[in-house]
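This is what each chain is made of:
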Amino acid sequence: MNKQMKLNVKLKTLPALLVLLLALHGGPAWAMDVSDAYRQALAYDPSSLAADQALEAGREKAVQGDALLRPRVNLQASVTRLRHHSGETASQLLSESSSGTAREATVQMVQPLYDRGATAGRRQLREQTTLAQTEFAAARQQLALRVAEAYFGVLVAEETLRVVQAELAAVGSQHERAKARFSVGQDRITDVQEAQARLDGVRTREVSAQSMLELRRAQFRETTGAAPDGLAPLSPSFAPQLPQPAALADWQARGESRSTLVLTRQSERAIANAELSKNRLASRPTIDVVASYGAKQQSGGLSPLVAPDGERTGAIGLVLNVPLYAGGALDSRQREAVARLGQADNQLAAARRDVRLKVQEGYLAVTTGVSRIAAQQQALTSASSALDATTRGRDVGSRTALDVLDAQQRLYGAELELVQGRADYLLGRLRLALAAGELDEDSLRSLRPWLAL
């Protein structure tokens, strides 16, 4: 009984030991998907790091805007060395000559009480913070798309090289078969030459595919800072789905309200409108509360009339400032601000138009991608059946070796088109989300059902 229990324990722990051994010998413990690559890029990509710093800088604009309506406190201090010599008329009040050091310090506080221009300035600076946040979101979305493009670029390049190498092996086999049949008088020399020409062409494509794969791998590495090893490939059971919601108008409405391009233009228009308000209010009077406290001291033999000693002065009051004339600059700035606001209005309208078109482009890429993938899968099945039929025809003498080569190349071409179609479909989903202003890490994670994880 004890021996049986020991045997069961050993059998239960065997799979865990096998997993441990595979991990120790370098077996991949997990496959990297698009969201994993995106998290790598967040800490590596210089554009992402620059966006982080730009956001930190932009947040300070709101702080600066609030400061426009808060008290301003200044300290002014001076130390002066004096030498005084009095004339004859003042000899009874002052000594003929004296010298000493005069010290003075004043603290002044200015609190804006009525300043419409400063209020508009605060609104403008706060809107600049909003703009910085929108630009940060746009940078993150662009990074997510660049990572996805680099990711699927590697997958497509790897699959292209695999298919080309498979085609090279098949064409090489057909070339050897043609040479063998020619040697026994069953094929013509032209068949051998044609097979050789096709073999050379596939070898050239293999070199191009290897070069493209190295380029795609370098692009992925430069974008994410991670080696493109162990990327989760496309799932064999790839089942594309139509976008939800299904109506294009709903996606366009999302884009016009959430797209970072539209939000950026809206913030720029708000900034331009605040600039116009600032310039219109620049000629308005302002009222400030001004309070000050000062102290004066002196050392040496200076008379109190020349340099008071121990004097303390406190004051508080209202200061009215009324701009009267600034050489025409105020009117000029106002006209400039009106033109800038009109420019911002037109740019906002153009952004909404561009977003509608981008949303439609992404929407069509997804909807037509579903039909395209179905057609490509059917084409692949048909090409495989045609190759089988052509091969059997060659064996019975009704087809030639060149016919088999043609059927093989159509099959491999159908495989590559299907891989590219699947990658284009997934990128189309991300571009649709980007145009609608909804692309984020959750969007990347939503691609996992179409990957072999």
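Residues numbered from 1 in each chain as written. Predicted model: local features only at pLDDT ≥ 70, side-chain atom pairs only at ≥ 80, totals over all residues. Heavy atoms only, no water.

What is the right way to look at the overall build of the protein in this model?
When you go through the protein residue by residue, the secondary structure sums to 10 helices and four strands. Written out in order from the N terminus, the α and β elements of the protein read α-α-α-β-β-α-α-α-α-β-β-α-α-α. Of all 453 residues assigned to the protein, the portion counted as buried reaches 35%. For the protein, the share of sequence-separated contacts (at least 6 apart) that also reach a separation of at least 24 residues comes to 83%. (Helix = DSSP H or I, 4+ residues; strand = E, 2+ residues; numbered from the N terminus. Buried < 20%, exposed > 50% of the residue type's maximum accessible area, 1.4 Å probe, protein only. Contact = heavy atoms within 4.5 Å.)

Would you explain the packing of helix 7 (residues 260-280) against helix 8 (residues 329-396) in this entry?
For any two helices packed against each other, the geometry is given by the interaxial angle and the distance between the axes. Closest axis-to-axis distance for the helix 7/helix 8 pair is 8 Å, and the angle between their directions is 165 degrees. For the element pair helix 7 / helix 8, the angle class is roughly antiparallel. Viewed along their axes, helix 7 and helix 8 form a crossing whose handedness is left-handed. Split by residue class, the contact of helix 7 with helix 8 holds 11 nonpolar, five polar and 10 charged. (Axes fitted to C-alpha atoms, helices over the stretch in contact; angles between N-to-C directions. Parallel < 35°, antiparallel > 145°, perpendicular 65-115°, else oblique. Left-handed = near helix turned anticlockwise from the far one by under 90°. Nonpolar A, V, L, I, M, F, W, Y, C, P; charged D, E, K, R; others polar.)

Help me out: how do you make sense of the environment of Phe220 in this one?
Within the secondary structure, Phe220 is located in helix 5 (residues 189-224). Between the C-alpha atoms of Phe220 and Ala41, which are 179 residues apart in sequence, the distance is 9.5 Å. Look past the residues within four positions of Phe220 in its chain and what remains in contact with it is Met32, Ala37, Ala150, Tyr151, Val154, Gly225, Ala226, Ala227, Pro228 and Leu231.

Help me out: how do you make sense of the pattern of salt bridges in this one?
Proximity of charged atoms lets side chains of opposite charge pair with each other. All chains considered together, the criterion is met by 28 salt bridges. For Arg217, the salt bridge is made with Asp229, and the minimal N-O distance between the two is 2.9 Å. Placement of Arg217 in helix 5 and of Asp229 in the loop between helix 5 and helix 6 (248-258) is noted, with a sequence separation of 12 residues between them. The class of Arg217 is buried, set by a relative accessible area of 17%. Since its relative accessible area comes to 49%, Asp229 is described here as partly exposed. (Salt bridge = Lys/Arg side-chain N within 4 Å of Asp/Glu carboxyl O.)

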